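Examining the three-dimensional arrangement
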Amino acid sequence: MRKSAVVALAVVAAGVMLATALLAAQATARAQTVDGREVGEVLVNGQVVIRLRTDQGGQTAVERAGAVAERLNDAFGRRVTWRDFSVVNFDGEASLKAKDSVIVTANRQEVDAANADSAAALAGQWRDNVVRALGGNPEEAAWDDWSVAAKKIVPVLSVNLNGARVGAAQVGGPKAQVDKVKAVAQLDADYHDRIRARVYIPISSLNVIKLSRVQGVSVVALVDVKVLDL
Amino acid sequence: MKTRRPINRILVYTVLAAFVALAVAPAVAFAFDIGDVLKIFGVGAAIKQFADPINKFINKALGERGAEARGATKVVPIISVGRGGYIGAAQVVGVPDNVKRIKAVVQVEARFGDVSGNLFVPVDTTNPGNNPRAVDGVGVSAIIDLRI
């Protein structure tokens, strides 16, 4: 009886290990031709998550995709989850990170080749794709990291008054996101003549015509500064 | 037995009337516009009744400008710590599970020299006391003023 119990336990343990290995995320890379040009694709669990279009640092786009897949597999080996993926901006470039490790960086050449709006937008798209491939929700990913929450005070610019400064606001959220906020756009909207909504949109530029919302950040306080004491 | 019959009848009519009142009440509330609800039932009732349409209205206004927020949104009453009671409404935004927990936003007036302001604290209770604790991952997206 004792021997059979040991055998049963060993079988169960082997089954659990096999199931864990099968369930773990896996990244692969492949060459594809897009618009007559060879690109490197990175796949997670069979879904294309990153497409690299440029040769850089003596590596072809396909070789770079292979290196990115290796970094992703290293990260999966360290049991990162979709919540651990974030985008960090610096000097006009943006990196997709898994916890503290850089997976891939969207630089100017890659942004131009992908015809993306910005490095942050391209890296954000990569992150959303990875999050989805891992079964996560990209909408929540932008809100996850309040463990390093930060706050700062920025001007409030009226959308209805073409960018006129109408006060100041303190915004709060994950530090990486708060760092991007340059101002808060205030949009006034009336509902059935009885309700006035002042909608606050944290933005990454001072342009209130084209609103570039910073996700994951919101208003914590509205500030009035007394300029004159009459 | 004869004396009990009218009482039973009254009981049946009362229960029927209660059912009819319950069935008709929402329709009556929708028949009123938001101004009527504000005047008759007050800010709290108006917010409760119109929270969803106001929430959709704000999200639509943001969507039209390509500035919609990711995550969940919800409209809840604002409770003033200084003045007490409901003083308006706020749209909160954030992690869907945390947004579900939010019952109100507490407004705290603060003054530091020439700088004054209003802090907005999303809370998971309608009775927050004097030291409200914020729910992480949720913030204020819009402040909603109701005109009586």
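This section reports on the structure supplied with the text. (Residues numbered from 1 in each chain as written. Chains lettered and ligands numbered in written order. Predicted model: local features only at pLDDT ≥ 70, side-chain atom pairs only at ≥ 80, totals over all residues. Heavy atoms only, no water.)

1. Thoughts on unusual backbone geometry
All names here are of chain A.
- A positive phi is found at Arg-79, a non-glycine position, where the angle reads about 60 degrees.
- Mapped onto the elements, Arg-79 comes out in the loop between α2 (61-77) and β4 (85-90).
- Looking at Arg-79, the relative accessible area reads 71%, which means it is exposed.
- In the Ramachandran plot, Asn-115 falls in the positive-phi region, its phi being about 55 degrees despite a non-glycine side chain.
- You can see Asn-115 is positioned in the loop between α3 (108-114) and α4 (119-133). (Helix = DSSP H or I, 4+ residues; strand = E, 2+ residues; numbered from the N terminus. Buried < 20%, exposed > 50% of the residue type's maximum accessible area, 1.4 Å probe, protein only.)

2. Concerning the pattern of salt bridges
Residue and element names in this part refer to chain A.
- In total, this model carries eight salt bridges over all chains according to the counting rule given.
- A salt bridge links Arg-51 to Glu-41, with the shortest nitrogen-to-oxygen separation between them at 2.6 Å. Residue Arg-51 is located in strand β3 (residues 47-52), and its partner Glu-41 is located in strand β2 (residues 37-44); the two are separated by 10 residues in the primary sequence.
- Accessibility expressed as a relative area gives 2% for Glu-41, which makes it buried.
- Put simply, Asp-190 and Arg-196 hold a salt bridge, and the shortest N to O gap is 3.0 Å.
- Arg-196 sits in the partly exposed class, given a relative accessible area of 32%. (Salt bridge = Lys/Arg side-chain N within 4 Å of Asp/Glu carboxyl O.)

3. Considering the sheet that holds strand β6 (residues 101-106) of chain A
All names here are of chain A.
- If you trace the three strands from one edge of the open sheet to the other, you get β4-β5-β6, paired in antiparallel fashion. What marks the edges here is a single partner per strand, and that holds for β4 and β6. The average undirected angle you get between the axes of adjacent strands in this sheet is 30 degrees.
- Lying on the sheet, α2 is in contact with β4, β5 (93-98) and β6; it crosses β6 at an angle near 150 degrees.
- Along the sheet face, α4 touches β4, β5 and β6 and points at about 170 degrees away from the line of β4. (Pairing = 2+ DSSP bridges. Axes fitted to C-alpha atoms, helices over the stretch in contact; angles between N-to-C directions. Contact = heavy atoms within 4.5 Å.)

4. Quick look at the interface of chain B and chain A
- Facing the 40 residues of chain B at the interface are 35 residues of chain A.
- Summing both sides of the interface, chain B and chain A together bury roughly 3500 Å²; the carbon and sulfur share of this comes to 57%.
- A per-residue breakdown of the area chain B buries against chain A is headed by Phe57(B), Arg70(B) and Arg147(B), which together make up 21% of the total.
- At the junction of chain B with chain A, the criterion picks out one salt bridge.
- Close ionic contact of Asp145(B) with Arg198(A) constitutes a salt bridge, the shortest N to O distance being 3.1 Å.
- Counting the contacts that link chain B with chain A gives nine residue pairs in polar contact (both at pLDDT 80 or more). (Buried area = accessible area lost by both parts, 1.4 Å probe. Polar contact = N/O pair within 3.5 Å; in protein donor to acceptor, adjacent residues only side chain to side chain.)

5. Overview of the side chain of Arg213(A)
- Mapped onto the elements, Arg213(A) comes out in the loop between β10 (195-203) and β11 (218-225).
- One buried charge, Arg213(A), has no salt-bridge partner; the nearest side chain with opposite charge is Glu68(B), at 7.4 Å.
- Contact partners of Arg213(A), with chain neighbours within four places excluded, come to Tyr200(A), Ile201(A), Pro202(A), Ile203(A), Leu62(B), Ala67(B), Glu68(B), Ala69(B) and Ser141(B). (Lys, Arg positive; Asp, Glu negative; His and termini not counted.)

6. Some words on the environment of Ala116(A)
- Structurally, the position occupied by Ala116(A) is in the loop between α3 and α4.
- Not counting residues within four places of it along the chain, the set of residues in contact with Ala116(A) comprises Val111(A) and Leu122(A).

7. Some words on the sheet that holds β2(A)
Residues and elements named next belong to chain A.
- Judged by pairing direction, the sheet is antiparallel, and its three strands sit side by side in the order β1-β2-β3 without closing on themselves. Either end of the sheet is taken by a strand with one partner, and the two such strands are β1 (27-34) and β3. In this sheet, adjacent strand axes meet at a mean angle of 35 degrees when their direction is disregarded.
- Relative to β3, β2 runs antiparallel, the two sharing five bridges. Bridge pairing in β3 links Gly-40 to Leu-52.
- α2 rests against β1, β2 and β3 of the sheet, and its axis sits at about 10 degrees to β2.

These results come straight from atomic positions and should not be treated as a statement about function.
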